[in-house]
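Read off the chains here:
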Amino acid sequence: MTEFPKNFLWGGATSSSQYEGAYNEGGRGLSHMDYIRRVEKGDKDKRFPINVTKEMFDDHKKHENEYNFPFRRGADFYHHYKEDIALLAGMGFKTFRMSIAWSRLFPTGLEEVPCEDGVQFYHNVFKECRKYNIEPLVTMIHYDIPVYLTETLNGWESPKMIDYFVHYTKFLIDEYKDEVKYWITFNEINMIMNSSYLGGGLFVECSDKPAETCIHQALHHQLIASALTVKYFHENTKGNLVGNMIARLQNYPYTCNSEDVLATQQQNQFNYFPTDIQVKGWYPTSILNYYRKKEIDIIWYPNYEEILREGTVDFAAISYYHTAVISAEDDKKEPIGAFIRNLENPYNKITDWGWGIDPTGLRITLNDMTDRYGLPIFIVENGLAARDQLTDDFKVHDDYRIVYIKAHLKAIKEAIGDGSDVMGYTSWGCIDLVSCGDAQMTKRYGYVYVDADDEGNGSYNRYPKDSFYWYKDVIATNGADI
Ligand code: BG6
């Protein structure tokens with residue numbers, strides 16, 4: 001019978017901008033996430049509010065003291081970290097995924113020397129994790145860049161970002177290598193193709209390049225920055241591991257018509273290509289052909305081929321939430337490369353936010369990635385968003401979350417039985433935090449409820465949900481009953 005590996009890394013995941021809060025304490029500089037405003041999504045642009053345009057950004061700056069900016073508050077981990085890590089330890093976490101806020105260390109991104117308070121804050125967090133034998137899994141950048149770099153360089157469109165980022169990551173490696181074994185360079189590096197502001201801290205309208213070229217140029221700079229970081233990491237640490245990460249979207253053909261199958265293959269190639277580069281060390285020909293056909297002219301970074309070759313990762317990480325359906329028919333077609341897909345899969349139930357629930361898709365993805373990369377795979381995000389209700393006696397009966405996570409863990413176990421090498425599982429937002437895409441608190445993923453609403457009202461007290469006790473049992477038994 002298949003079992004989870006003995007050293008399986010059970011845990012949960014967070015990110016600095018969604019969780020930490022305290023945006024103006026300890027010398028932290030503002031990040032571009034601090035300028036994403038909470039608004040109800042309109043029909044016109046379903047991906048608003050994360051697709052901030054220059055015009056919106058200027059308006060947000062102008063109304064700095066009036067608008068609701070939830071990422072400035074997060075879930076106030078900054079002041080609750082001891083209590084929160086004790087809660088994670090209470091579930092028996094083996095690992096805790098978190099990210100470092102670049103602007104907490106280097107407020108504008110340009111400083112030579114980091115801010116001492118910020119440096120100490122993360123030492124304190126890691127020390128607290130170590131107290132409970134929890135291995136931190138640290139993402140070097142989970143979207144948030146110092147906003148100064150957005151304003152002055154147009155974010156990752158500029159190659160100068162590479163130097164500033166590598167200065168920052170070299171510091172992280174030197175400073176924390178004895179406290180942190182597991183690292184990820186970029187969160188969901190492919191997300192820049194979905195939202196250039198979120199993933200790249202840039203405005204395509206401010207570039208003199210066509211939008212798609214600007215985005216792929218910025219992605220090229222991120223890939224270079226990641227590879228240079230990985231190379232330094234390997235030269236300067238022993239026994240530590242560094243991975244890459246994409247938002248994995250397993251794509252299915254709408255019909256068995258070979259045109260649909262071909263379009264699906266292209267979309268899967270597109271979804272995988274950043275991992276292809278970060279694992280294998282070169283751009284796949286499919287993407288180079290895509291650039292040629294679409295006249296996307298990349299200004300290649302000097303010696304980029306050698307840099308990519310020398311900066312390949314030790315494991316491949318993914319977030320996995322849902323799958324997508326692809327059609328080649330004109331009236332149903334969406335461009336290859338677009339992340340958000342609108343065709344429904346009648347075989348999947350959907351969440352309250354319309355995301356298809358598809359555990360078997362995770363098994364397919366794990367098996368696929370195992371064949372493609374031959375590296376350990378780390379599922380560093382997965383989970384169910386819901387509008388949880390806190391009862392009068394401070395409980396949350398989230399049996400729906402237990403059903404969701406259990407089904408995905410079963411799929412992982414089956415993939416392990418199929419031969420996949422899975423290192424661990426950190427479900428998203430283990431303690432409730434601000435939703436990234438919706439900039440709201442009421443879209444909750446956690447095992448622990450945080451008493452705060454979309455406007456930042458509430459005590460910010462923490463209350464374990466039913467899923468807390470269930471997950472604790474799963475970890476204690478190493479998933480034996482899954
Ligand atoms: C991932 C991101 O894409 O999805 C997280 O890495 C994000 O930051 C998560 O929170 C869930 O998305 P959302 O929009 O529901 O918060």
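This section reports on the structure supplied with the text. Because the structure is a prediction, the values reported are computed rather than measured.

**Looking at the pairing of strand 5 (residues 241-247)**
Here strand 5 lies mainly inside the structure; 6 of its 7 residues are buried. Across 3 bridges, the pairing between strand 4 (residues 182-186) and strand 5 is parallel. Each bridged residue has a counterpart across the sheet, and for Trp-183 the counterpart in strand 5 is Val-242. Of the strand pairs in this sheet, strand 5 and strand 7 (residues 315-319) are connected by 5 bridges, and their pairing is parallel. Looking at strand 7, one finds that Gly-243 is bridged to Phe-315.

**So, the packing of helix 7 (residues 160-176) against helix 9 (residues 211-236)**
The N-to-C vectors of helix 7 and helix 9 enclose an angle of 30 degrees; their axes lie 9 Å apart at closest approach. Between helix 7 and helix 9, the crossing angle belongs to the class labelled roughly parallel. As for how helix 7 packs across helix 9, the hand of that crossing is right-handed. Together, Met-161, Ile-162, Phe-165, Val-166, Thr-169, Lys-170, Ile-173 and Asp-174 of helix 7 and His-221, Ile-224, Ala-225, Leu-228, Thr-229, Tyr-232, Phe-233 and Asn-236 of helix 9 make up the contact between the two elements. Taken together, the residues that form the contact of helix 7 with helix 9 break down as 10 nonpolar, 4 polar and 2 charged.

**Overview of the nonpolar core**
In terms of nonpolar packing, the biggest core is built from 137 residues, with Ile-377, Ile-379 and Ile-412 touching the most fellow members. Per-element tally for this core: the top contributor is helix 9, with 11 residues. Residue contacts for Ile-412: discarding those within four places in its chain leaves Leu-362, Leu-366, Ile-379, Val-422 and Tyr-425.

**A few points about the packing of helix 14 (residues 399-418) against helix 15 (residues 466-476)**
Two elements in contact, helix 14 and helix 15, have axes whose closest approach is 8 Å; the angle formed by their N-to-C orientations is 25 degrees. Taken together, the axis directions place helix 14 and helix 15 in an arrangement best described as roughly parallel. For the element pair helix 14 and helix 15, the recorded crossing hand is right-handed. On helix 15, the residues touching Asp-399, Arg-401, Ile-402 and Leu-409 of helix 14 are Asp-466, Ser-467, Trp-470 and Val-474. Looking at the contact of helix 14 with helix 15 residue by residue, the class counts come to 4 nonpolar, 1 polar and 3 charged.

**Quick word on helix 15**
Along helix 15, the residues that are buried comprise Ser-467, Phe-468, Tyr-471 and Val-474. Down the axis of helix 15, the smallest arc covering the buried residues is 125 degrees, so these residues share one side. Looking at the residues trailing helix 15, positive phi occurs at Asn-478, about 50 degrees.

Cut-off values and rules
- Residues numbered from 1 in each chain as written.
- Predicted model: local features only at pLDDT ≥ 70, side-chain atom pairs only at ≥ 80, totals over all residues.
- Buried ≥ 20, exposed ≤ 12 C-beta atoms within 10 Å, placed from the backbone.
- Helix = DSSP H or I, 4+ residues; strand = E, 2+ residues; numbered from the N terminus.
- Pairing = 2+ DSSP bridges.
- Axes fitted to C-alpha atoms, helices over the stretch in contact; angles between N-to-C directions.
- Parallel < 35°, antiparallel > 145°, perpendicular 65-115°, else oblique.
- Left-handed = near helix turned anticlockwise from the far one by under 90°.
- Contact = placed C-beta atoms within 7 Å.
- Nonpolar A, V, L, I, M, F, W, Y, C, P; charged D, E, K, R; others polar.
- Core = buried A, V, L, I, M, F, W, Y, C linked by C-beta atoms within 7 Å.
- Arc of directions from axis to C-beta.

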